[in-house]
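Close look at the chain arrangement
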Amino acid sequence: MIVTWRNVMRGLTLGLLAATGAGTAFAQPIEVDVVGGISDPMPIAVPVMPTPANAPTAAGDTATLGQQLAEVIANDLKGSGLFAPRGPSGIAPVGIEQVTAPDYPYWAQTGVQALVSGYVKANGDGTLTIGCYLYDVSARNELKRDGFVVAPSAWRRAAHKCADLVYARLTGEGPYFDSRVVYVSETGPKQNRLKRLAIMDQDGANHRFLTNGQSIVLTPRFAPNRQQIVYMSYLQDRPRVFVYDLSTGKQRLILDQPNMTFAPRVSPDSQYVVFSMAVGGNTDIYRVPLAGGAPQRLTSSPGIDTAPSYSPDGSRIVFESDRGGSQQIYVMDANGGNQQRISFGGGKYGTPVWSPRGDLIAFTKLGGGFNVGVMTPDGGGERVLTHGWQDEGPSWSPNGRVISFFRTAQGSGKADLWTVDLTGANERRTPTPLDGSDPGWGPLLP
């Protein structure tokens, strides 16, 4: 559990709220161009977070945590491709009194445009208070502040939230660092891969396995409620859709019948699971209540209809189909009506997924390899973002600006998780202990 509030530092006996001019308006605030900024990332200082008194905690002493917090914040910002963090190593440490009264002349001569400062304090009840401040160095103004009270084990979440504060304030985009990814962890030879469900923070930390690998699992996706994951499992050699409950660790079959079910996704209101089911040699898209019940058939064209994904308002579904003779992208109303093809760019298209912002659909494009691209919901503005040998399986970040996917190496079959932003210029490998595929990026954590 993490507690956050605005101006949390007010009233603390440490005197951390020295006169800072918080909230002072200025004419031209600094900001990052999320389209063009990738070629010239903003220099930003992230010094070690000081502590008013070094104290032991369940996660280490507060001085060490101050270093680790700054490292996570800097790594998050650097990974976005929009910032060039300086620190925490290699720059001057910040005293506790400078957290609310920065030495602007010093930071200006380092060439940075913004400063991320803060502190970490051990509380008497065993929790931590972590302060986060963002400053405009040239204008000598505070841009944003927040504070977080967390259990020591959740210190990384506070760091991600601080990075999100900085990212959102300077880009105008929504946050995405304080989120998780579920994926398929793979190991073993190509002909006999062990595939397990695994979950981790978006930067690869706090990794854990959810299944033991006794049956193959594919295409895990979070429910918007963050508590459940839908996926396909070959349990007892029968490919079917299951629901995994993160709070209990229990798995539940979504539909108990003899037909193959696969490619599940949950509706934005967490009420339905939409999926594919093969019946009598034809594969169509169905939906069923997440809690269980009778399936409703949504498509009926000859061929394979699969990979459904809801629009963020739940009114439409995008999916792939070979009904016209080749693998293409279609959209339809959530009840199955008004089905129409939207991909006409040449080649084949698969695994479409609607952006959380509703403005784009990501997909895998097949032809001369596999690559990840985006188009608008009417099929316009197609852009290919990656150029690997086999890049596929896109999944959107919570703010709809970054896409996770997996890249398979030619020859070895080794798969890794990667991210790319909408410019296509900033790719980053997500570290995993073993090979990884089928990422499903979850919503922001509460």
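Bear in mind the structure is a predicted one, so any value in this text is a computation, not a measurement. (Residues numbered from 1 in each chain as written. Predicted model: local features only at pLDDT ≥ 70, side-chain atom pairs only at ≥ 80, totals over all residues. Heavy atoms only, no water.)

Some points on the overall build of the protein chain
Stated formally: Here a strand is any run of E in DSSP of at least two residues, a helix any run of H or I of at least four, and the numbering for each starts at the N terminus. The globule rule is 2.2 Å times the number of residues to the power 0.38, and the radius of gyration it is compared with is taken over C-alpha atoms. Burial classification: accessible surface area is computed with a 1.4 Å probe over protein chains only, and a residue below 20% of its type maximum counts as buried, one above 50% as exposed, and the rest as partly exposed. Any two residues whose heavy atoms approach within 4.5 Å are treated as being in contact. Note on areas: these come from Shrake-Rupley sampling with a 1.4 Å probe, and a residue is covered only by the protein chains present in the view. By the counting scheme adopted, Arg and Lys are positive, Glu and Asp are negative, and His together with the chain ends is not counted. Positions of charges follow a simple convention, taking NZ of Lys, CZ of Arg, CG of Asp or CD of Glu.
What the protein chain contains, in helices and strands, is three helices and 30 strands. For 446 residues, the compact-globule formula gives about 22 Å, and the C-alpha radius of gyration of the protein chain, at 24 Å, lands near that figure. Reported as C-alpha extents along the three principal axes, the dimensions of the protein chain are approximately 70 × 45 × 40 Å. Considering the protein chain as a whole, with its 446 residues, one finds that 54% of them fall into the buried category. Within the protein chain, counting contacts between residues at least 6 apart in sequence, those at least 24 apart form 49% of the total. Looking at the protein chain as shown, the accessible area adds up to about 17,900 Å², and 50% of this sits on carbon and sulfur atoms. Put simply, the protein chain has 39 plus and 38 minus side-chain charges, and the middle of one group is 3 Å from the middle of the other.

Points about the sheet that holds strand β9 (residues 208–209)
The test is simple: In this description, strands pair whenever DSSP reports at least two bridges between them.
Ordered by their spatial adjacency, four strands build an open sheet running β9-β8-β7-β30, and the pairing between neighbours is antiparallel. Looking at which strands have only one partner, the edges of the open sheet turn out to be β9 and β30 (435–444). For strand β8 (residues 194–201) and β9, the ladder comprises two bridges, and the chain directions are antiparallel. Within β9, the residue paired with Ile-199 across the bridge is Arg-208.

Description of the packing of aromatic side chains
Heads up, the condition is: Aromatic pairs are defined between Phe, Tyr and Trp rings, using the six-membered ring for Trp, whenever the two ring centres lie within 6.5 Å; interplanar angles under 30 degrees are classed as stacked, those over 60 as edge-to-face, and all others as tilted. Put simply, a charge is over a ring when the Lys NZ or the Arg CZ is close to the ring centre, within 6 Å, and near the line of the ring normal, within 35 degrees.
What the rule picks out here adds up to 11 aromatic pairs. Each ring, one from Tyr-176 and one from Trp-441, has its centre 5.9 Å from the other, and the planes form 70°; the classification is edge-to-face. Remark: Trp-441 occurs in strand β30 and Tyr-176 occurs in the loop between α3 (155–171) and β7 (179–187); sequence separation between them is 265 residues. For the residue pair Tyr-176 and Trp-441, the accessibility class agrees, reading buried in each case. An aromatic cluster is present here, built from Tyr-167, Tyr-176, Phe-177 and Trp-441 joined pairwise through their rings. One Lys or Arg, Arg-287, reaches over the ring of Tyr-272 and ends 4.4 Å from the middle of that ring.

A look at the sheet that holds strand β13 (residues 251–253)
Our working definition: Angles shown run from 0 to 180 degrees and are taken between the N-to-C directions of axes, each axis being a line fitted to C-alpha atoms and, for helices, limited to the stretch in contact.
What the four strands build is an open sheet, ordered β10-β11-β12-β13; its pairing is antiparallel. Pairing within the sheet leaves two strands with one partner each, and these edge strands are β10 (217–222) and β13. Each strand of the sheet is rotated relative to its neighbour by a mean of 25°, with strand direction disregarded. Examined bridge by bridge, strand β11 (residues 228–233) and strand β12 (residues 240–245) share six bridges and lie antiparallel to one another. Counterpart to Ser-233 in the pairing with β12 is Arg-240.

Let's talk about the side chain of Asn-282
To keep it simple, the criterion reads: Counting of polar contacts relies on pairs of N or O atoms within 3.5 Å, with two restrictions inside protein: one atom must be capable of donating a hydrogen and the other of accepting it, and residues adjacent in sequence are counted only when both atoms are side-chain atoms.
Here Asn-282 shows up in strand β16 (residues 282–289). Its relative accessible area of 16% is what places Asn-282 among the buried residues. Side-chain polar atoms of Asn-282 contact the backbone oxygen of Ser-301, separated by 3.1 Å. Among all residues touching Asn-282, those that are not within four sequence positions of it are Met-277, Arg-297, Ser-301, Pro-302 and Gly-303.

Considering the confidence of the model for the protein chain
Let me state the cut-off plainly: As a per-residue measure, pLDDT reflects the predictor's confidence and takes values from 0 up to 100.
Residues with a pLDDT of 70 or more make up 92% of the protein chain, whose mean pLDDT is 92. Contacts for the low-pLDDT stretch residues 3–27, under 50 throughout, to residues beyond four places or in other chains number 51 contacts.

Structural notes on the pattern of salt bridges
Using the following cut-off: The term salt bridge refers to a pairing of a side-chain nitrogen on Lys or Arg with a carboxyl oxygen on Asp or Glu at a separation within 4 Å.
Tallied over the entire structure, the rule returns 19 salt bridges. Ionic pairing is found between Asp-256 and Arg-240, a salt bridge with its closest N-O pair at 3.6 Å. Of this pair, Asp-256 sits in the loop between β13 and β14 (260–266) while Arg-240 sits in strand β12; the two residues are 16 residues apart in sequence, bridging distant segments of the chain. With relative accessibility at 64%, the residue Asp-256 sits in the exposed group. In this structure, a network of salt bridges that share partners links the residues Glu-186, Arg-193, Lys-195, Lys-414, Asp-416, Arg-429 and Asp-435.

Here's the deal with α3
Test applied: Helix span, expected: 1.5 Å multiplied by one less than the number of residues in the helix.
With 17 residues, α3 ought to run about 24 Å at 1.5 Å a step, and its terminal C-alpha atoms sit 24 Å apart, in line with that. Counting buried positions over the 17 residues of α3 gives 15, a clear majority of the element. Once α3 finishes, Gly-172 follows within two positions and takes phi at roughly 80°, a positive value.

Some remarks on helix α1 (residues 62–79)
If you check α1, its first and last C-alpha atoms are 25 Å apart, about what 18 residues at 1.5 Å a residue would give, namely 26 Å. Looking only at α1, the buried set comprises Thr-62, Leu-65, Gly-66, Leu-69, Ala-70, Val-72, Ile-73, Ala-74, Asp-76, Leu-77 and Gly-79. Against the buried residues of α1 lie β2 (42–45), β3 (83–86), β4 (114–122), β5 (128–136), α3 and β29 (427–430). Near the N-terminus of α1, the side chain that reaches the backbone nitrogen of Ala-63, with its oxygen 3.1 Å away, is that of Asp-61.

Side note on the state of the cysteines
Note: disulfide means a covalent bond formed between the sulfur atoms of two cysteine side chains. Filter applied, for reference: The term disulfide is used for any two cysteine sulfur atoms that are within 2.5 Å.
The full count for this structure, using the stated rule, is one disulfide. The disulfide partner of Cys-132 is Cys-162, and the gap between their sulfur atoms is 2.0 Å. Across the S-S bond of Cys-132 and Cys-162 the torsion is about 70°, and the bridge reads as right-handed. Note that Cys-132 is positioned in strand β5 and Cys-162 in helix α3, a separation of 30 residues in sequence.

Quick word on the pairing of strand β19 (residues 316–321)
Counted residue by residue, β19 has five buried out of six residues, so it is predominantly covered. In this structure, strand β18 (residues 305–310) lies alongside β19, joined through four bridges in antiparallel fashion. Bridge pairing in β19 links Thr-306 to Glu-320. Two successive antiparallel strands, β18 and β19, enclose a turn made up of five residues, where Gly-314 displays a positive phi of approximately 80°. Examined bridge by bridge, β19 and strand β20 (residues 328–333) share six bridges and lie antiparallel to one another. When the sheet's bridge partners are listed, Ile-317 is paired in β20 with Met-332. From the end of β19 to the start of β20, which pair antiparallel, there are six residues, and Gly-325 there has a positive phi angle of about 105°.

Some points on the packing of α1 against α3
Just so we agree on the cut-off: Here the angle decides the label: under 35 degrees means roughly parallel, over 145 means roughly antiparallel, 65 to 115 means roughly perpendicular, and every other value means oblique. With the far helix as reference, a near helix turned anticlockwise by less than a right angle produces a left-handed crossing, and one turned clockwise produces a right-handed crossing. Nonpolar residues are Ala, Val, Leu, Ile, Met, Phe, Trp, Tyr, Cys and Pro. Charged residues are Asp, Glu, Lys and Arg, and all others, Gly as well, are polar.
Their axes nearest at 9 Å, the elements α1 and α3 cross at an angle of 45°. It follows from the interaxial angle that α1 and α3 lie oblique. Like other packed secondary-structure pairs, α1 and α3 cross with a definite hand, here right-handed. Here α1 contributes Leu-65, Gln-68, Leu-69, Val-72, Ile-73, Asp-76 and Leu-77 to the contact with α3, which in turn contributes Trp-155, Arg-156, Ala-159, His-160, Cys-162, Ala-163, Val-166 and Tyr-167. Looking at the contact of α1 with α3, its residues break down into 11 nonpolar, two polar and two charged.

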